[in-house]
Amino acid sequence: MSSNTPNKTNAPGQPPKPPNQAAGDEADSAQNQANMSGGLLPNPDVKQKVPPAKSKSPKKGRKGKKGKQQQNQQANEEAEKLAQAIENNLELPQITPSTTYPNPATTTTTSTTTTVESRTLMAEAEAMVYDHEAVNIAFQLVKRVLPQAVTVQDPPRIGPYPTLGVTDQGRKLAQKRLFPKLINLEYVEVMRLMERLWAEPERDYQYLVLDLLKHATVTILRSSGHKDLFNLIRGFITSKPMRDTVDELATKHLTTLAYLEPAETWPRMDVWVNDPMPWVQRAAILHQHGMGDFTDRVRLFRFCKQHLHNPPEVADILEDAIEEALGRFAITYHTFRVPCGIEYVVGFITTNLTSMSPGLKKRLLELKAKLEPMIPQRNAAAISEGATVESAEGVGEP
């Protein structure tokens, strides 16, 4: 039986190959295909050796990639749900600026019985005209949005104050959506809003106020609101004093004011350091925290010297503040000068050691023991940088 189908192994115009040669060509082409595919074709006559499969046991103490991916995915989903929940609550009307504001720098009041310096913040607030409705809208907006960021169930109490259970991440998400809504408020309205939020019992609102104050400080200063800002911060310290909020108000907000407006800040700190409330004294001692070479060394040492011997009931509030202020000053002041800040602090401790209370003496002697070995290294580094050696006269004296 003949077929018209041409032989695939023959080239056109050539005679057909012998059967043995055609079979060999087919075997070669199969071998080439196997080599191109990355391995040899298995020979059915030869028993293949299969290597044993290696079992990958997870390392103890570590989570695999899948576990980490699942955790990251779960965290992202929770963050998206939280952001969506916050976004769904932003249905309040846009806050618009008021058109009835007088300029606080030029406003005159009709009060003749008291002076501007002696009035309280609330009396000044009543003398100023601001949009009560805008403040109420902003307050209700915060009251609706911030509780939606709660992610901690059964949150612990912080001292005598309860908490909502809002984490730092949740508060940042809430701020991201809240602060653009508050951008049209005047500085007087922002201050009234911060006062109302600070009066809330939960600590989460106070932390939100501290973040809002960071954004509002420069605006208030530009509006000539120095006195209002100092009164506001002092009201926060005296109304709900706790170590974390007082220290943040002192080391961040008062430090910013001392750096930007030293002529306005330092005379007030001279009054605060003699305030009957120890938390206000603590804020005055810490207000130059981290200012480095801009620190008023004489004022810092004078503040510390006034509180070297404290009554037992306020010793815990003031002694660690003195230690923190001196330690921070020692590391950041005159970093590349001789004498360095460490020498000033060591000299101050040595000079006033006999007039300290026992608890403060123990703290400052430990600080001195840590700082003294650093003096030669710091001076050697300063001299190698080409620093001029200043006179060491008066080191340790306020």
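Each value, and the rule that gives it
- Just so you know, the residues in each chain are numbered from 1, in the order the chain's sequence is written.
- This being a predicted model, a pLDDT of at least 70 is required before a residue's local features are given, and a value of 80 or more before pairs of side-chain atoms are given or counted; all residues contribute to the totals for chains, interfaces and linings.
- To get the side-chain values, all heavy atoms of the structure are used, and hydrogens and water are removed first.
- The helix count covers DSSP runs of H or I at least four residues long, the strand count covers runs of E at least two residues long, and both are numbered beginning at the N terminus.
- Residue burial is assigned from relative accessible area. The probe radius is 1.4 Å, only protein chains are included, and a residue is buried under 20% of its type maximum, exposed over 50%, and partly exposed in between.
- Working rule for contacts: check all heavy atoms of both residues, and any pair within 4.5 Å makes them a contact.
- Surface exposure here means Shrake-Rupley accessible area, sampled with a 1.4 Å probe, where a residue is shielded only by the protein chains that are shown.
- Each patch is assembled from residues with relative accessible area greater than 30% and no salt bridge, linking like charges that lie within 9 Å and nonpolar side chains (Val, Leu, Ile, Met, Phe, Trp, Tyr) that lie within 5 Å.
- Salt bridges, as used here, are contacts in which a Lys or Arg side-chain nitrogen is within 4 Å of a carboxyl oxygen on Asp or Glu.
- We define the nonpolar core as a collection of buried residues of types Ala, Val, Leu, Ile, Met, Phe, Trp, Tyr and Cys that are connected through side-chain atoms lying within 4.5 Å of one another.
- Helices are assigned an expected span. That span is 1.5 Å times one less than the residue count.
- Think of the arc as the fan of directions from the helix axis to the C-beta atoms.
- We call Phe, Tyr and Trp rings a pair once their centres come within 6.5 Å, taking the six-membered ring for Trp, and we label the pair stacked below 30 degrees between planes, edge-to-face above 60, and tilted otherwise.
- To sit over a ring, a charge needs its Lys NZ or Arg CZ within 6 Å of the ring centre and within 35 degrees of the ring normal.
- Here an axis means a line fitted to C-alpha atoms, over the contact stretch when the element is a helix, while the angle between two N-to-C directions is reported on a 0 to 180 degree scale.
- Roughly parallel refers to an angle under 35 degrees, roughly antiparallel to one over 145, roughly perpendicular to one between 65 and 115, and oblique to any angle outside these ranges.
- Note on convention: near helix rotated counterclockwise from far helix by under a right angle means a left-handed crossing. Clockwise means right-handed.
- Predictor confidence is given residue by residue as pLDDT, running from a minimum of 0 to a maximum of 100.

Caption draft 1: Seen up close, the overall build of the chain. A tally of helices and strands in the chain yields 16 helices and zero strands. Within the chain, buried positions represent 40% of all 398 residues. Contacts in the chain between residues at least 24 apart in sequence constitute 75% of all its contacts with a sequence separation of at least 6. Summing over all exposed atoms, the chain offers an accessible surface of approximately 23,600 Å²; the carbon and sulfur share of this is 53%.

Caption draft 2: Local environment of the side chain of T163. Topologically, T163 is positioned in the loop between α4 (132-145) and α5 (168-178). By relative accessible area, which is 15% here, T163 ends up buried. Discounting chain neighbours no more than four positions away, the residues touching T163 are P155, P156, I158, E202, R203 and D204.

Caption draft 3: Seen up close, a nonpolar patch on the surface. On the surface, a nonpolar cluster with roughly 410 Å² of combined accessible area is contributed by V218, Y259, L260 and F294. Relative accessible area serves as the criterion here: at 38%, V218 is assigned to the partly exposed category.

Caption draft 4: Local environment of the nonpolar core. Ranked by size, the top nonpolar core spans 82 residues in total, and within it L193, M194, I233, I237, L254 and L326 carry the most contacts. A total of 10 residues in this core trace back to one element, the largest contributor, which is helix α7 (residues 203-222). The residues touching I237, leaving out its near neighbours within four places in the chain, are V246, L249, W272, M277, W279, V280 and A283.

Caption draft 5: The arrangement of α4 in detail. Look at α4: 20 Å from first C-alpha to last across 14 residues, which is about the 20 Å you get at 1.5 Å a residue. Along α4, the residues classified as buried are A134, V135, A138, F139, L141, V142 and V145. All buried residues of α4 lie within an arc of 160 degrees about the axis, which places them on one face of the element.

Caption draft 6: Focus on the environment of P311. Residue placement: P311 occurs in the loop between α12 (297-306) and α13 (312-332). Spatially, the C-alpha atom of P311 lies 8.9 Å from that of S357, the residues being 46 residues apart in sequence.

Caption draft 7: Fine view of the pattern of salt bridges. All chains considered together, the criterion is met by 19 salt bridges. For K214, the salt bridge identified is with E248, shortest N-O distance 3.8 Å. Separated by 34 residues along the polypeptide, K214 in helix α7 and E248 in helix α9 (residues 243-260) bring together distant segments of the chain. For E248, a relative accessible area of 18% corresponds to the buried category.

Caption draft 8: Representation of the side chain of H253 in the model. On the secondary structure map, H253 appears in helix α9. Setting aside residues no more than four positions away along its own chain, H253 makes contact with L210, L213, K214, T217, I233 and E248.

Caption draft 9: Summary view of the packing of aromatic side chains. Considering all chains together, one arrives at six aromatic pairs under this definition. Between F329 and Y333, the ring centres sit 4.5 Å apart and the planes meet at 25 degrees, which makes this aromatic pair stacked. In terms of burial, F329 and Y333 fall into one category: buried. Seen in terms of ring centroids, Y333 and Y344 are 5.9 Å apart; in terms of plane orientation they differ by 75 degrees. Their pairing is edge-to-face. Pair noted here: Y333 is in the loop between α13 and α14 (341-351) and Y344 is in helix α14, with a separation of 11 residues, a long-range link. Note on Y333: relative accessible area 8%, which makes it buried. Put simply, the rings of F301, F329, Y333, Y344 and F348 touch in pairs and so form one group of aromatic residues. Positioned above the aromatic ring of F139, the side-chain terminus of R196 is 4.1 Å from the ring centre.

Caption draft 10: How the structure looks around the packing of α5 against α7. Between α5 and α7, whose axes approach to 11 Å, the crossing angle comes to 55 degrees. With respect to α7, the axis of α5 lies oblique. Between α5 and α7 the crossing geometry is right-handed. Contact with α5, carried on its side by R171, Q175 and L178, involves D204, Y207, L208 and D211 of α7 and no other residues of that element.

Caption draft 11: Representation of the confidence of the model for the chain within the structure. Summary statistics for the chain give a mean pLDDT of 73 and a share of 62% for residues scoring 70 or more. Ranking the helices and strands of the chain by mean pLDDT puts helix α11 (residues 278-286) first, with 96, and helix α3 (residues 121-127) last, with 42. Across residues 1-9, where pLDDT falls below 50, the model places three contacts with residues more than four positions away in sequence or in other chains. Note on residues 34-42: pLDDT under 50 across the span, and seven contacts to partners over four residues away in sequence or across chains.

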